[in-house]
Amino acid sequence: MVTRTRALPRPPRFRGRLHDPRTATVIGRWLGAGVAVCFLTGLVSHGLQTPPGWLAPHLPTRPVWGYRVTQGLHVATGLALVPLLLAKLWTVYPRLFVWPPVRSPAHAAERLSITVLVSAALLEVCLGMTNITQWYPWPFSFRTVHWALAWVMVGALLVHVVVKAPVIAAHWRAARPARAAGTAGAADADDVDPDAGDRRALLLGVGAAVATVTAVTVGQTVTPLRPLTLLAPRHPDHHQQGLPVNRTAAEAGVTGTDATADGWRLRVVGPRGTLTLSLAEVGALPQHTARLPIACVEGWSATADWGGVRVADLLARVGAPEDATVRVVSLQRRGAFSVMEMPPPYARDPLTLLALRLGGEALSPDHGFPARIIAPNRPGVWQTKWVSRIETL
Ligand SMILES: Nc1nc2c(c(=O)[nH]1)N[C@H]1C(S)=C(S)[C@@H](COP(=O)(O)O)O[C@H]1N2
Ligand SMILES: [Mo]
């Protein structure tokens, strides 16, 4: 009788070099540092943009450029994670094909945690990149999912570091390169690293990729590097009065006579009643100037000279208390930015303006004519344009 044995599928063999724990450890360290910076600056961003009730009264308005730096770093490190993630995945991908695929319950758990880590990291970075290019192909809210995935990713990363602690510890320091070992006589073979030269070349390449990605993008927030900004997602024509424009007046549907110098009225509502002011009347109030940046969550930022009326002065005229939270309403009818809430630290800050002027000129329609908010150390999304109403809550 003839018995036929079916050949088991064979796992592929990887003879390529540098798919080793030392390379994975070195790239993992850079990756870990990048994720840490991205995560911490992301916490700051989330706290400033949507503070929980207990935090809102304590938000810092200084330094005025704080959010500009943290959000610039957030987007820059997020972009740097792209080459680092790809390099790390290239280094470890043969391990996806280990045989047998599951050796024990602990091994299964480890593989599952790696699946979560890799998927969360790739999705998180891709989501961030689609957001900064203002492309929203997903049916869900970017911010909610980016926030939740950040926690999944950092949790999975901590598990990964704990599981891999022995490997990381064993490969934290470089073994001696083969050449040096040759002269060392009775060197332990384990201490010799024949791949040291190649690894250095790989790491230099990855470092160069990170440097290039950073150089061609970071000019969107580091002004002296602006000429290098090849990959800025902002439309190059959307630049007015020295400042980029995220959404134009036409895109926001602000085209009516209520946005003209004659037709516009500002309503300020407080405990003492409602004040209705024309543009000329707002212009006749005490004017102040402030040099403040707009820092968009998408990573671009720019400093400008603003002129206008202090929001605190307007609020004082309607008897608002010192600790008032304020609602600001835009002429823009639709969308998340048509209404904004301003916590007390910004509302009472002398640098928070209802700005009428930008760089010494009246605001252009796309920058929020006749009046917009500019506040220190606040995400760009809350620098509301085309303001029509300010009321205490
Ligand atoms: N009413 C309104 N205000 C708005 C926006 C908007 O879409 N509508 N965009 C916000 C965003 S996301 C940013 S970054 C800043 C950009 O201001 P700018 O277009 O004048 O540079 O305006 C903010 N104010
Ligand atoms: Mo923005």
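About the cut-offs
Residues numbered from 1 in each chain as written. Chains lettered and ligands numbered in written order. Predicted model: local features only at pLDDT ≥ 70, side-chain atom pairs only at ≥ 80, totals over all residues. Heavy atoms only, no water. Helix = DSSP H or I, 4+ residues; strand = E, 2+ residues; numbered from the N terminus. Rg over C-alpha atoms; globule rule 2.2 N^0.38 Å. Buried < 20%, exposed > 50% of the residue type's maximum accessible area, 1.4 Å probe, protein only. Contact = heavy atoms within 4.5 Å. Areas by Shrake-Rupley, 256 points an atom, 1.4 Å probe, with all protein chains shown as cover. Lys, Arg positive; Asp, Glu negative; His and termini not counted. Charge placed at Lys NZ, Arg CZ, Asp CG, Glu CD. Expected span 1.5 Å × (residues − 1). Patch = residues over 30% accessible without salt bridge, like charges linked within 9 Å, V, L, I, M, F, W, Y side chains within 5 Å. Salt bridge = Lys/Arg side-chain N within 4 Å of Asp/Glu carboxyl O. Domains from an automatic or database assignment. Buried area = accessible area lost by both parts, 1.4 Å probe. Near = heavy atom within 4 Å. Polar contact = N/O pair within 3.5 Å; in protein donor to acceptor, adjacent residues only side chain to side chain. Nonpolar A, V, L, I, M, F, W, Y, C, P; charged D, E, K, R; others polar. Axes fitted to C-alpha atoms, helices over the stretch in contact; angles between N-to-C directions. Left-handed = near helix turned anticlockwise from the far one by under 90°. Disulfide = S-S within 2.5 Å. Pairing = 2+ DSSP bridges.

Some remarks on the overall build of the chain
Step number 1: Counting its regular elements, the chain contains 11 helices and 14 strands.
Step number 2: Here the chain has a C-alpha radius of gyration of 27 Å; the compact-globule value for 393 residues is 21 Å, and the former is much larger.
Step number 3: For the C-alpha atoms alone, the extent of the chain along its principal axes is close to 100 × 55 × 35 Å.
Step number 4: Here the chain holds 393 residues, and 43% of them are scored as buried.
Step number 5: Considering only intrachain contacts with a sequence separation of at least 6, the fraction spanning at least 24 residues in the chain is 69%.
Step number 6: About 20,700 Å² of surface is accessible on the chain, with carbon and sulfur atoms providing 63% of the total.
Step number 7: Taking the average place of the 39 positive charges on the side chains of the chain and the average place of its 24 negative ones, the gap between the two points comes to 7 Å.

Brief notes about the environment of Val 26
Step number 1: With respect to the helices and strands, Val 26 occurs in helix 1 (residues 21-49).
Step number 2: The exposure class assigned to Val 26 is buried, which follows from its relative accessible area of 5%.
Step number 3: Distance from Val 26 to Leu 393, taken between C-alpha atoms, is 53 Å for residues 367 residues apart in sequence.

Regarding helix 7 (residues 196-215)
Step number 1: Its 20 residues give helix 7 an end-to-end C-alpha distance of 28 Å, which sits within 8% of 28 Å, the value for a rise of 1.5 Å per residue.
Step number 2: Where helix 7 is buried, its residues meet helix 1, helix 2 (66-92), strand 1 (176-177) and strand 2 (192-193).

What to know about a nonpolar patch on the surface
Step number 1: Together, Phe 14, Trp 90, Tyr 93, Leu 96 and Phe 97 line one region of the surface with nonpolar side chains, adding up to about 470 Å² of accessible area.
Step number 2: Here Tyr 93 shows up in the loop between helix 2 and helix 3 (105-132).
Step number 3: Assessed through its relative accessible area of 33%, Tyr 93 is described here as partly exposed.

So, the domain arrangement of the chain
Step number 1: Taken domain by domain, the chain comprises domain 1 (21-176 + 192-228) and domain 2 (242-392).
Step number 2: For domain 1 versus domain 2, the separation of C-alpha centres amounts to 36 Å.
Step number 3: If you look at the interface, domain 1 gives 25 residues, while domain 2 gives 25 residues.
Step number 4: For the pair domain 1 and domain 2, the two sides together bury roughly 2,100 Å², of which 51% comes from carbon and sulfur.
Step number 5: The tally of links between domain 1 and domain 2 comes to one salt bridge.
Step number 6: Here Asp 349 ties to Arg 62 by a salt bridge, and the two come within 2.8 Å at their closest N and O atoms.
Step number 7: Mapped onto the side of domain 1 that touches domain 2, the elements with two or more residues apiece are helix 1, helix 2 and helix 3.

Describing the side chain of Arg 199
Step number 1: Position of Arg 199 relative to the elements: it lies in helix 7.
Step number 2: Once residues within four sequence positions are removed from consideration, Arg 199 is found in contact with Leu 18, Asp 20, Arg 22, Thr 23 and Asp 193.

Observations regarding the site of ligand 1
Step number 1: The environment of ligand 1 is made up of 19 residues, and the closest members are Pro 244, Gln 332, His 367, Arg 372 and Lys 385.
Step number 2: Within the side chain of Ser 330, one N or O atom sits 3.2 Å away from a nitrogen atom of ligand 1.
Step number 3: Contact distances for ligand 1 include 2.5 Å between a nitrogen atom and a side-chain N or O atom of Gln 332.
Step number 4: The class makeup of the residues in the shell around ligand 1 is nine nonpolar, seven polar and three charged.

Concerning the packing of helix 3 against helix 4 (residues 142-163)
Step number 1: Where helix 3 contacts helix 4, the axes come no closer than 8 Å and their chain directions differ by 145°. The way helix 3 lies across helix 4 gives a crossing that is left-handed. Of the residues in helix 4, those touching helix 3 at Glu 110, Ser 113, Ile 114, Val 116, Leu 117, Ala 120, Ala 121, Leu 123, Glu 124, Leu 127, Gly 128 and Asn 131 are Phe 142, Val 145, His 146, Leu 149, Ala 150, Val 152, Met 153, Ala 156, Leu 157, Val 159, His 160 and Val 163.
Step number 2: Taken together, the residues of the contact of helix 3 with helix 4 break down into 17 nonpolar, five polar and two charged.

Let's talk about the state of the cysteines
Step number 1: The full count for this structure, using the stated rule, is zero disulfides.
Step number 2: The thiol of Cys 38 is unpaired, and the distance to the nearest cysteine sulfur, on Cys 126, comes to 13 Å.
Step number 3: Classification of Cys 38 by relative accessible area gives buried; the value is 13%.
Step number 4: A relative accessible area of 36% means that Cys 126 is categorised as partly exposed.

Looking at the pairing of strand 14 (residues 387-392)
Step number 1: Pairing between strand 5 (residues 265-270) and strand 14: three bridges, direction parallel. Bridge pairing in strand 14 places Val 268 opposite Ile 390.
Step number 2: Alignment of strand 9 (residues 326-330) against strand 14, held across five bridges, turns out to be antiparallel. Bridge pairing in strand 14 links Val 326 to Thr 392.

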